[in-house]
Each structure stands twice: as structure tokens, then as C-alpha cells.
Amino acid sequence: MADLPDANDGPRTVTDGYFEREVRLSRESTAAFLRDLADQIESEPRLTISTDEWKIPFEFDEPIEVEVEFVGETHRQLELELEFEWSPPEDKIGVS
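Residues numbered from 1 in each chain as written. Predicted model: local features only at pLDDT ≥ 70, side-chain atom pairs only at ≥ 80, totals over all residues. Heavy atoms only, no water.

Can you walk me through the overall build of the protein chain in this structure?
Within the protein chain one finds 1 helix and 6 strands. Secondary structure elements in the protein chain, listed N-terminal to C-terminal, are β-β-α-β-β-β-β. Among the 96 residues that make up the protein chain, the fraction classed as buried is 16%. Restricting to contacts in the protein chain with at least 6 residues of sequence separation, those with at least 24 account for 54%. Here the protein chain has roughly 8,400 Å² of accessible surface; of this, 49% comes from carbon and sulfur atoms. (Helix = DSSP H or I, 4+ residues; strand = E, 2+ residues; numbered from the N terminus. Buried < 20%, exposed > 50% of the residue type's maximum accessible area, 1.4 Å probe, protein only. Contact = heavy atoms within 4.5 Å. Areas by Shrake-Rupley, 256 points an atom, 1.4 Å probe, with all protein chains shown as cover.)

What am I meant to see in the environment of Trp 54 here?
Secondary-structure assignment places Trp 54 in strand β4 (residues 54-59). When its relative accessible area of 6% is taken as the criterion, Trp 54 is described as buried.

Would you mind going over the environment of Val 14 with me for this structure?
Looking at where Val 14 falls in the secondary structure, it is placed in the loop between β2 (12-13) and α1 (27-43). Spatially, the C-alpha atom of Val 14 lies 7.0 Å from that of Trp 54, the residues being 40 residues apart in sequence.

For this particular structure, what's the right way to read the pattern of salt bridges?
Any two side chains of opposite charge can pair, given that their charged atoms come close. For the structure shown, the criterion picks out 2 salt bridges. Here Arg 46 ties to Glu 44 by a salt bridge, and the two come within 2.7 Å at their closest N and O atoms. By relative accessible area, which is 40% here, Arg 46 ends up partly exposed. Given a relative accessible area of 36%, Glu 44 falls into the partly exposed group. (Salt bridge = Lys/Arg side-chain N within 4 Å of Asp/Glu carboxyl O.)

The quantities given are spatial measurements derived from coordinates; they are silent on function.
Written as C-alpha cells, this is what we have:
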């Protein structure tokens, strides 16, 4: 499980609706989170992202979308975004 630090207890499982959180981590904590995430991605098509307050279990399909955005003006910024999607199985239809 890829854990993000949080001060609250009692995780709430998020499985529907809309949920967004932003956290700020040290380089060391970010690297540990990314290693845990990479291990999950490599081992099976299932992730769990969590803090002490919430957790999000998620099954995903391939491909995984990776977006890189760079802004090189006075406020330089590099943004990396990973997008995991799940597609429900399609209904099979046939003619007999």
C-alpha cells in the first residue's frame, strides 16, 4: 500500500464520488511513496493509496497515461501526472 503521511485516525474507504487531496512531502517521503507505488503497479493491476484518514483501493487497466508539463517562466514548475483508468467488461452479444 502506498501511504501518505496524515495526522488523523480512522481511514475512510473512498470507492465512488469525487475525492481530491494535495499533500506536500519531503524528498525522502516522496521517493518512498513513489517506490511503493511503483511496486504496486509492477506486481498487479491494483493500487491502494492511503493516509491514516482515508484509503482508495483501485483496479486499473493498461495503458497508464503519463503526462509531463513544464512551465519555464519566472515561476518554474514541473508537473507529472499519472492517470489510471478502469473499464468495466463489455457485454458480449451474439447472433444464433
